[in-house]
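# Residue-level structure breakdown
Listed below are the residues making up each chain.
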Amino acid sequence: MNADIIKPVTSRTLKKMKDNKEKITMLTAYDFSTAKYIDECGVDSILIGDSLGMTILGYDTTIKVTIEDMLTFTKAVSNGVKRALVVADMPFLSYHLNKEQTTLNAGRLIQAGAKAVKLEGASDFILDEVHHLTQSGINVVGHLGFTPQYINTIGGYFVQGKSYENTIKMLNAAKKLEENGAFALVLEMVPEESAKYISENISIPTIGIGAGKYCDGQVLVIDDILGKYPGNIPKFVKQYANIKEIMKDAISKYNQDVKTGEFPTKEYSFNLTEEERDKLEHNINK
Ligand code: KIV
């Protein structure tokens, strides 16, 4: 057997990892090269999050992200990935009208290279959509807790499920997502005790973001862990690098070098042969 054959991570792999108590890793990515590096580092899953509305497009929320935006970045990411499970967010309004629209939009993301789609919430309407998608052969990841596409109805960036009653409500929603075919569940900004209780009482893997260490896996936004995003960084982010400073340092040096004539030197230029140069100079001086 060829040892170089890469075994892609699937929804079944994630379930097995939960059953074996093996932690699942997920990071967001929005472009080809970042996705390639994340994949090469052995991260299990890559999410083309609609957080790209903020990190890439400079919006203040995810609400303005369109299915066309998601398709562009899903194609870019998928081209860089060999092993990780690629999940694409369904943006606001892309799964809120009817089953036909939802299936068409989810199907386009799958055709763009995603192996699953993620959608937020668990109202009866959304559960119906999840059921329909999974019945149509489209893998679905649920998303509960803080759901950024509901920012206007939630009214701010608040931790969700902060009481016994709300934790039970969230667990019931998680169970319904599982019953309707979701194969994994993102839990965002949930107290760790609540996330633990939910993770222990459903059989699909939970992937936490700001939901503590008891989730079956963790996800963070790549720009946050690399220190690239210029805005506020949430409390739950661990920053592993300061790319922003590295970028600004390199860009300032380039700017300075061009202005002072330090760049480009001969090393970075192409030259004519002596003979051609002579001809050129001769011609110019005629
Ligand atoms: O859009 C996104 O990046 C997400 C993660 C925060 C889970 O949904």
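The structure this text deals with has already been given above.
Notes on the structure in this doc start here.

## What to know about the sheet that holds strand 7 (residues 206-209)
The eight strands lie next to each other as 1-2-3-4-5-6-7-8, forming a closed barrel whose pairing is parallel. Averaged over all pairs of adjacent strands, the angle between strand axes in this sheet comes to 25 degrees, irrespective of strand direction. Where strand 1 (residues 24-28) and strand 8 (residues 217-220) come together, four bridges link them in parallel fashion. Opposite L27, over in strand 8, you have L220 as the bridge partner.

## Considering the packing of helix 8 (residues 164-179) against helix 9 (residues 192-200)
Contact geometry for helix 8 and helix 9: axes closest at 10 Å, N-to-C directions at 35 degrees. As helix 8 packs across helix 9, the resulting crossing turns out to be right-handed. Counted together, T167, I168, M170, L171 and A174 of helix 8 and S194, Y197 and I198 of helix 9 form the full contact between these two elements. When grouped by side-chain class, the residues that make up the contact of helix 8 with helix 9 number six nonpolar, two polar and no charged.

## What to know about the environment of L177
Positionally, L177 belongs in helix 8. C-alpha of L177 to C-alpha of P91: the two residues are 86 residues apart in sequence and 18 Å apart in space. Setting aside anything within four residues of it in sequence, one finds L177 in contact with G121, A122, L127, V130, G142, L144, A182 and L185.

## Overview of the pairing of strand 1
If a strand is regular, its side chains alternate between the two faces of the sheet. Counting buried residues along strand 1, four of its five residues qualify, which places the element largely inside the surrounding structure. Here strand 1 runs beside strand 2 (residues 45-48); their pairing, made up of three bridges, is parallel. Paired with M26 across the bridge in strand 2 is S45. Following the chain from strand 1 across helix 2 (residues 32-40) to the adjacent parallel strand 2, one finds a crossover that is right-handed.

## Observations concerning the environment of K162
The residue K162 is located in the loop between helix 7 (151-154) and helix 8 in this model. K162 sits in the exposed class, given a relative accessible area of 66%. Placed 29 residues apart in sequence, K162 and P191 show a C-alpha to C-alpha distance of 6.4 Å.

## Regarding the site of the ligand
Close contacts around the ligand come from T28, L47, G49, D50, S51, D89, K118, H143, V186, E188, I209 and V221, and that covers them all. Contacts to the ligand include D50, whose side-chain N or O atom sits 3.0 Å from an oxygen atom. S51 is positioned such that a nitrogen or oxygen atom in its side chain is 2.5 Å from an oxygen atom of the ligand. Calculation on the ligand without its partners gives an accessible area of 260 Å², and the protein chains cover 96% of this total. A molecule is said to occupy a pocket when more than half its atoms come within 2 Å of that pocket's grid points, and by this definition the ligand occupies the largest pocket.

The rules behind the values
Residues numbered from 1 in each chain as written. Predicted model: local features only at pLDDT ≥ 70, side-chain atom pairs only at ≥ 80, totals over all residues. Heavy atoms only, no water. Pairing = 2+ DSSP bridges. Helix = DSSP H or I, 4+ residues; strand = E, 2+ residues; numbered from the N terminus. Axes fitted to C-alpha atoms, helices over the stretch in contact; angles between N-to-C directions. Left-handed = near helix turned anticlockwise from the far one by under 90°. Contact = heavy atoms within 4.5 Å. Nonpolar A, V, L, I, M, F, W, Y, C, P; charged D, E, K, R; others polar. Buried < 20%, exposed > 50% of the residue type's maximum accessible area, 1.4 Å probe, protein only. Right-handed = clockwise from strand over helix to strand, strands pointing away. Near = heavy atom within 4 Å. Polar contact = N/O pair within 3.5 Å; in protein donor to acceptor, adjacent residues only side chain to side chain. Areas by Shrake-Rupley, 256 points an atom, 1.4 Å probe, with all protein chains shown as cover. 1 Å grid on protein atoms, 1.4 Å probe; cavity = no way out; pocket = protein on both sides within 12 Å on 5 of 7 lines; lining within 4 Å. Sits in = over half its atoms within 2 Å of the grid points.

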